[in-house]
Amino acid sequence: MWSNVINIDKTYDREIGYILKRLQGMKDLSYAIEESQSRMWIYLAGICEKQEHIEDELQKIFEVVYLSFFKLRFFLEKLRLKRLSHAKCALICSIVHFDREFEASVLSKVIGNCLDYNIDGIYNFRLRALSEGWQELADLANKLLEGCTEESEIFEIATFITGSEGKLNQLVLNRNKLRNLTCHRSVEVVNLFDLEEYNILSAVIREKPFEILLEGCEFTPPMNDTLKKIVRVIEK
């Protein structure tokens, strides 16, 4: 029998909600929860024959936890942005999803060397190389944001920072269901923000699209304007 444990500070409520939701969808895994006032332990178990598959799925979960949730928390704290808007959300998400493949490879090596999964402990002590890089990116973004007054300038900053990454994919968004037509797969819309349009915006930006087809979508004017600033939009 394969077994392991995830433990995490309970202040990371969004991360906990995401982890539990993903674990519920894993057919080859059983889990049980134990809590103290400040921490949660999630005990995992599965048959040995499924260990590789389970660990691969856990790796995907941890990638979102660290490179979406934790990274977003970092930049929301470090960037000098007052009230969040669609344009500012686009900027933050462009930065959060920047260099994803490299960071995922670093994270995979770190997770692979862990005996158990202490989520915040791994972040604080084993992922400093990533967080130091994030700080450099935050410093650059803040310098560029100084004196920035127009939303068009915010989009220019996002393009400048992430411009080295090509726009590769064609997407289709049918209401809240997003699909990558180029890669023939569904795209997960992660609950990173309180506003659902921001979550959709984050999912779109993560896919590095050159075009998106909107089917039956009723977005606010700021959302429509933002999408048109970052990708070619076709409406049906």
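Right above here is the structure, for reference.
Quantities reported herein were computed from a predicted structural model and do not represent experimental measurements. Starting from 1, residues in each chain are numbered consecutively following that chain's sequence as written. Since the coordinates come from a predicted model, pLDDT governs what is reported: local features require at least 70, and pairs of side-chain atoms require 80 or more to be given and counted, while whole-chain, interface and lining totals use all residues. Hydrogens and water are ignored here; the side-chain numbers use all heavy atoms of the structure.

**Side note on the pairing of strand S9 (residues 232-235)**
This is how the line gets drawn: We call two strands paired when DSSP finds no fewer than two bridges between them. Strands are runs of DSSP state E lasting at least 2 residues, helices are runs of H or I lasting at least 4, and numbering of each runs from the N terminus. Note on handedness: a clockwise path from strand one over the helix to strand two, with the strands aimed away from the viewer, defines a right-handed crossover.
Across four bridges, strand S8 (residues 209-215) lies against S9 in parallel orientation. Looking at S9, one finds that Ile212 is bridged to Val233. For the handedness criterion, the β-α-β arrangement of S8, helix H9 (residues 221-230) and S9 is classed as right-handed.

**Looking at the packing of aromatic side chains**
Threshold: Any two of the Phe, Tyr and Trp rings considered here, Trp counted by its six-membered ring, make a pair once their centres fall within 6.5 Å; the pair's planes then place it as stacked at under 30 degrees, edge-to-face at over 60, or tilted in between. Each residue is assigned to one of three classes by its accessible area relative to the maximum for its type, calculated with a 1.4 Å probe on protein chains only: buried under 20%, partly exposed between the two thresholds, exposed over 50%.
Overall, the coordinates contain nine aromatic pairs when judged by the stated rule. Taking 5.3 Å as the distance between ring centres and 45° as the angle between the ring planes, the aromatic pair formed by Tyr66 and Phe70 counts as tilted. Placement of both Tyr66 and Phe70 in helix H2 (residues 51-78) is noted, with a separation of four residues, approximately one turn of the helix. Like Phe70, Tyr66 is buried. Between Phe74 and Trp134, the ring centres sit 5.6 Å apart and the planes meet at 65°, which makes this aromatic pair edge-to-face. Pair noted here: Phe74 is in helix H2 and Trp134 is in helix H6 (residues 128-145), with a separation of 60 residues, a long-range link. Each member of the pair, Phe74 as well as Trp134, carries the same accessibility label: buried. One aromatic cluster in this structure is built from Tyr12, Tyr66, Phe70, Phe74, Phe75, Tyr123 and Trp134.

**Focus on the side chain of Asn7**
Convention followed: The contact criterion used is simple: two residues touch if any of their non-hydrogen atoms lie within 4.5 Å.
When you line up the elements, Asn7 lands in strand S1 (residues 2-9). Of the residues examined, Asn7 reaches a relative accessible area of 7% and is grouped as buried. Sequence-distant contacts of Asn7, that is, excluding residues within four places in its chain, are made with Arg39, Met40, Trp41, Tyr117, Asn118, Ile119 and Asp120.

**With respect to the sheet that holds strand S3 (residues 39-46)**
Reading across the sheet, the four strands line up as S2-S3-S1-S4 and stay open at both edges, with mixed pairing between neighbours. One side of each edge strand has no neighbouring strand; the edge strands of this open sheet are strand S2 (30-35) and strand S4 (117-118). Relative to S4, S1 runs parallel, the two being bridged by two bridges. Looking across to S4, one finds that Asn7 is bridged to Asn118.

**A word on H9**
Convention followed: Arc, as used here, means the arc of the directions from the helix axis to the C-beta atoms.
Among the residues of H9, those classed as buried are Met223, Thr226, Leu227 and Ile230. Angularly, the buried residues of H9 cover 100° about the axis, an arc narrow enough to put them on a single face. Residues of H9 that are exposed and point more than 90 degrees away from the buried face comprise Pro221 and Lys229.

The values reported here are purely geometric and, on their own, carry no functional implication.
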